[in-house]
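One-letter residues, chain by chain:
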Amino acid sequence: MPVLRALFQARRPQKRAKSLPSLTSRATAAGINVTPERALQVAAVFSSVRLLAETGSMLPAGVFERKGGARLPAMEHPLAPLLTYQANPQLEAGEFWAQVLGWMLIRGNAAVYVERSNGGLPVGLWPVAWTSIEPRRVKETGELVYKITLDGDEWAPIREEGGLVRRENLLHFKAFGVDPVEGLSPIGMARQSVATGYAAASYIGSFFKRDASPGGLVSVPGKLDDAQYERLTRQWKDLHEGFENAHGLALLEAGAKWEKTSLSPADAQFLEVYKLTRAEIAGIFGVPPHMIGDVERSTSWGSGIEQQSLGYVIYSLLPWLTRLERTAGRLLGDPSLYLKFNPDALLRGDTPQRFTAYAQAKQWGWMSTNEIRAKEDEPPVEGGDDLLVPLNMQPLGSSAPPAQRALPGRHVRASDTAETPSVEDMPSWITRHYEAISTFFAEQGDRVLAALGLTPDASAEDLIDLTADNEELTELLFQLARSMTAEVGAATAAELGGTFVVEETTAALAASSAATATNINETTVKKLASTIDLKAAPAEVRTEVRNMFDGMSESRARVLAQARVSQTASFAGHEGAKQGGALTKTWRVWDANPRKTHARADGQTVGIREEFSIGSRQGRWPHDHRLGVDEIAGCTCRLQFNK
């Protein structure tokens, strides 16, 4: 019975799965096979592809690096010349990007072979036609590789045996698609509209070629014999067939009559279809119709050229540029490095608008004179790198504008002393630190629980990746400390009549953040190992781990936030005073019941770069790690800086 049941089931027709229509067919209802080459013969297609490819390739491109909150040029990177100047010895970068964009627009895919030196460094980028590419999957690993078979007129320095190229040596630029391997060809998906446009253009051409009508009909009374019919037909074609003879003089004989006619409704409608396909094809590529010559309809992208250009850049060009940037970024091999096309060249307004924008940028301090001159291709001028801001601009809560105090030559009264700010005066910074550290502990707990699910018998050291967690927490603490130092340091320096440059403190802040992050995470590992029996029942272990990290996200995060703000405030005030011109510093006690060592230090004055003697320890400011935990915990002392 089981054998018979299996036999009958094997013969049972399988239910057909629903599927999309073929996305690769060339056949159309118009009876025309659409290929990319034939599609380019349609004026609207060629205009759209040319517009996007040429405007995209004409934009200046650059390689940049993310460093914290800054974005810095990285044109010294060895790959920058390939992406921005010369893709390979035979192709400069502008033509390279135009070719890549053109292939993406007509075929949905573009391939670039990466030529590497013997040391593995990319030395050339060679476009390869997608018709020469066959994506393949390695069955054992699922790795994507590309089989390259060059046509006779193609050349690329492919070294791989058999033309099987791994993913790191081939940049695959894809258009939108539903397949994870290949993008969809815009022309293939819209082949019906393209075929209609091609057929309409062909019909119109044939219409004018074969048009033998002088604008009417010829009727003859009675019946013509074959010779008469042939003679009349031949004479009529000789005199009137062809566009150059259309509407010529008609000579009639033997009672023939001419009746005036107009363009047939079918022919007139076909001309309208031809016009409609232009707008439809423009929509396929996301191009506004007026930019490919279809000006019969109004645009909703704004009334001015600048507004229309802005709409084109944002909605038409940027999606393609973003795909280029992301795929090319894989070549750089570092998440902090990226390629960027600058569309500003397409967004330049007229002269009054442009100069008004420059004036506002300079007035509010985010562009200098030389930056503005560089955009106008003018040489720099002396003193043109200074950034200017209005005198009434000041940080929230400041008593006077710091920039005004720092201006040389102005009669502004500066204080002879300044103090480090009180932690109680900075609740927002404590909140920011607490929220960031609390979130880190919560995410760290989630990672530990996930690791427990994979390896239930793991040790505490196995459950926490100290290297990764130290790096993440260091970056978090550093960004907070840098922002707070910039604020407190600038305020302290301004109070003394000077200025503050936060970049001079970056190394110290990074070292302090790294040391604190390491200490916090090592303490977490020890606490996990000492307070939780990881060999207990899995459900019990997971509950205890969750409770531990929930507690850390609340109480421990608050203690650490308070300590970090106190430490950073003391450091920032000290560095701000040093840059602001302070010569000495004085230890001041604010607690009504201070430690004996702190009480004895009250009023102690040393040079700005010297250390205080607090008990048996030496330190530069309150909460200096050199003083040790016993002298730091709960300390409310401050410094007074003296000019």
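Here is a short report on the structure shown in this document. Model, not experiment: these values are computed from the prediction.

Let's talk about the layout of surface pockets
Part 1 of the reasoning: Taken as a whole, the second largest pocket holds about 790 Å³ of empty space.
Part 2 of the reasoning: T516, Q567, H623, H625 and I632 are the residues nearest the centre of the second largest pocket, which is lined by 25 residues in total.
Part 3 of the reasoning: Of all elements in the fold, only α17 (506–531), α18 (538–580) and α20 (629–632) reach the threshold of two or more residues within the lining of the second largest pocket.
Part 4 of the reasoning: Among the elements that take part in the lining of the second largest pocket, α17 stands out by supplying eight residues, more than any other.

A word on α17
Every α-helix carries 3.6 residues per turn, so stepping three or four residues along brings you back to the same face.
Part 1 of the reasoning: Here α17 spans 37 Å end to end across 26 residues, near enough to the 38 Å set by a 1.5 Å rise per residue.
Part 2 of the reasoning: Residues of α17 that are buried include every one of L509, S513, T516, A517, I520, N521, T524, V525 and L528, and no others.
Part 3 of the reasoning: Where α17 is buried, its residues meet α14 (427–454), α15 (460–463), α16 (466–495) and α18.

Structural notes on the packing of α14 against α17
Part 1 of the reasoning: As a packed pair, α14 and α17 sit with axes 13 Å apart at the nearest point and diverge in direction by 45°. When the interaxial angle is binned, α14 and α17 end up oblique. When the axes of α14 and α17 are compared, the crossing they make is right-handed. When α14 is examined against α17, the residues F440, F441, Q444 and V448 are found in contact with a partner set consisting of I520, N521, T524 and L528.
Part 2 of the reasoning: The residue makeup of the contact of α14 with α17, split by class, is five nonpolar, three polar and no charged.

What about the nonpolar core?
Part 1 of the reasoning: Grouped together as the largest cluster of nonpolar side chains are 53 residues, with contacts concentrated most on L83, W97, L125, F173, F285 and L324.
Part 2 of the reasoning: Once you skip the residues sitting within four places of it in the chain, L324 turns out to touch W97, V100, L101, M104, F173 and F341.
Part 3 of the reasoning: Counting residues in each nonpolar core, the second largest holds 35 residues, with I437, L463, V488 and A517 among its members.

Quick word on the sheet that holds strand β7 (residues 133–137)
Part 1 of the reasoning: An order of β7-β8-β9 is seen for the three strands of this open sheet, with the pairing classed as antiparallel. Looking at the sheet topology across the chains shown, the edges are occupied by β7 and β9 (164–166). Between one strand and the next, the sheet's axes are offset by a mean angle of 35°, whatever the strand orientation.
Part 2 of the reasoning: With five bridges connecting them, β7 and strand β8 (residues 144–148) associate as antiparallel partners. In the sheet register, R137 faces β8, and the bridge partner there is L144.

Cut-offs used in this document
Think of each chain on its own: its residues are numbered from 1, step by step along the sequence as written. Given that the model is predicted, a residue must reach a pLDDT of at least 70 before its local features are reported, and side-chain atom pairs must reach 80 or more before they are shown or counted; all residues, however, enter totals for whole chains, interfaces and linings. Neither water nor hydrogens contribute to the side-chain values; these are computed over all heavy atoms in the structure. We place a 1 Å grid over just the protein atoms. Points where a 1.4 Å probe fits but has no way out form a cavity, open points with protein on both sides within 12 Å along at least 5 of 7 lines form a pocket, and any residue with an atom within 4 Å of a point lines it. Grid points are joined across faces, edges and corners, and a volume is the space filled by probe spheres set on the points. In DSSP terms, a helix is any run of H or I states spanning at least four residues, a strand is any run of E spanning at least two, and both are numbered starting from the N terminus. Take the residue count of a helix, subtract one, and multiply by 1.5 Å to get its expected span. Only protein chains enter the area calculation, which uses a 1.4 Å probe; residues under 20% of their type maximum are buried, those over 50% are exposed, and those in between are partly exposed. Contacts are assigned to residue pairs with any non-hydrogen atoms lying within 4.5 Å of each other. Angular values range over 0 to 180 degrees, each being the angle between N-to-C directions of two axes fitted as lines to C-alpha atoms, with helices fitted over their stretch in contact. Here roughly perpendicular refers to angles of 65 to 115 degrees, roughly parallel to angles under 35, roughly antiparallel to angles over 145, and oblique to all remaining angles. Crossing handedness follows the turn of the near helix against the far one: under a right angle anticlockwise gives a left-handed crossing, and clockwise gives a right-handed one. Gly is placed with the polar residues, together with every amino acid not listed as nonpolar (Ala, Val, Leu, Ile, Met, Phe, Trp, Tyr, Cys and Pro) or charged (Asp, Glu, Lys and Arg). As used in this record, nonpolar core signifies buried Ala, Val, Leu, Ile, Met, Phe, Trp, Tyr and Cys residues forming a set joined through side-chain atoms within 4.5 Å. A strand pair is defined by DSSP finding two or more bridges across the two strands.

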